Amino acid sequence: MEQKMPNHVAIIMDGNGRWAQKRGLKRTKGHQKGAEVLKKISEYVYDKKIKVLSVFAFSTENWKRDKEEVDYLMDLFLKAFKDNFDAVKKKGVKVVFSGLKDKLSDKVVKAMEKMSEETKNNNNGVFNICLNYGGQDEIVNASKKISEDVLNGNLSIDDINKDSFGKYLFNDLPPIDLLIRTSGEYRISNFMLWQMAYAELYFTDVLWPDFDEKQMDKAIEVFNNRDRRFGGVKKK
Ligand code: IPE
Ligand code: IPE
Ligand code: MG
């Protein structure tokens, strides 16, 4: 039977640190390998005609880590944006970012703005990179913007609904169909709470740096065997 592709796949790329520690390496080596895996998997995803890919790159809680690790990650983002920009442009994918810019360095923010600006008219797919992102922050931030619009008379309370609310989020994305979390943790860790309302959840013990195309196929296969009822009753 032909496989149904999810429209929006989201990934919590977890386990980089453990992957490195298992090999007696510094945690940062795991992040380096993780970035290579993301490049490969993102290309694979768009080749499979999945339209939207969201990835958790750095959470609002990740600032708690040692400065050395945080600095390494920020430099890695800059390098990854630079190294992969041409490939992204060639694929015709639109890059968007979710998260608050406040704690990020000017250099990182500039690189993010350049990527979004130069890919904004692309329509082969959307690559949503969640950086300094928290799901609760996203909802609070949207609520503040809605309140401002109500106070300014640009929005009436009666017009606040699920659809209009979505437009105030960091990006107005379609609902997540398939959420993948690697590394054997069974939690959501404050990722895309709004968009995940009816997502199918797929957890695997594989650490993110070991994730590959075969693992992705397996997740899609499991997704295909799920019975998505959305609160209804399955027709016989
Ligand atoms: C995920 O891997 C990457 C980020 C959170 C940036 P981790 O760094 O959380 O790896 P583990 O969970 O410690 O193994
Ligand atoms: C979630 O992983 C964040 C990212 C993958 C960027 P964490 O490793 O930070 O999550 P917890 O601490 O295990 O919940
Ligand atoms: Mg982790």
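Since the model is a prediction, treat every value here as computed from it, not as a measurement. Residue numbering note: each chain is counted from 1, following its sequence as written. Chain A is the first chain written and ligand 1 is the first ligand written, with later ones labelled in order. Only residues with pLDDT of at least 70 get local features here, since the model is predicted, and only at 80 or more are side-chain atom pairs given and counted; chain-wide, interface and lining totals rely on the full set of residues. Side-chain descriptors were evaluated using all non-hydrogen atoms of the structure, hydrogens and water having been removed beforehand.

A word on the overall build of the protein. The helix and strand labels rest on DSSP assignments: H or I over at least four residues marks a helix, E over at least two residues marks a strand, and numbering proceeds from the N terminus. Scanning the protein for helices and strands turns up 7 helices and 6 strands. Traced from its N-terminal end to its C-terminal end, the protein shows the element sequence β-α-α-β-α-β-α-β-α-α-β-β-α. Both definitions apply: the radius of gyration is a C-alpha atom measure, and the globule rule equals 2.2 Å times residues to the power 0.38. Its C-alpha atoms give the protein a radius of gyration of 18 Å, within 12% of the compact-globule value 18 Å for 236 residues. Along the three orthogonal principal directions, the C-alpha set of the protein runs to about 60 × 55 × 35 Å. With 236 residues in all, the protein has 46% of them scored as buried. Any pair of residues with heavy atoms lying within 4.5 Å of one another is described as a contacting pair. Taking all contacts inside the protein whose residues are at least 6 apart in sequence as the whole, residues at least 24 apart take part in 76%. Accessible surface is estimated by sampling points in the Shrake-Rupley manner with a 1.4 Å probe; for residues, cover comes only from the protein chains shown. Per element, the accessible surface of the protein, about 13300 Å² overall, is 50% carbon and sulfur. Separation between the mean location of the 42 positive side-chain charges and that of the 36 negative ones in the protein comes to 4 Å. In this scheme, a residue with accessible area under 20% of its type's maximum is buried, one over 50% is exposed, and one in between is partly exposed, where area comes from a 1.4 Å probe on protein chains only. A positive count includes Lys and Arg, and a negative count includes Asp and Glu. His and the chain ends are not counted in either. To locate a charge, the coordinates of NZ of Lys, CZ of Arg, CG of Asp or CD of Glu are taken.

What follows covers the pairing of strand S2 (residues 52-59). Taking burial as the measure, the 8 residues of S2 include 7 buried ones, the bulk of the element. A pair of strands is labelled paired if DSSP reports no fewer than 2 bridges between them. Bridge analysis of strand S1 (residues 8-12) against S2 gives 5 bridges, and the strand direction is parallel. The residue of S2 that forms the bridge with Ile11 is Val55. Where S2 and strand S4 (residues 125-133) come together, 7 bridges link them in parallel fashion. Each residue of the ladder has a partner; that of Val52, found in S4, is Val126.

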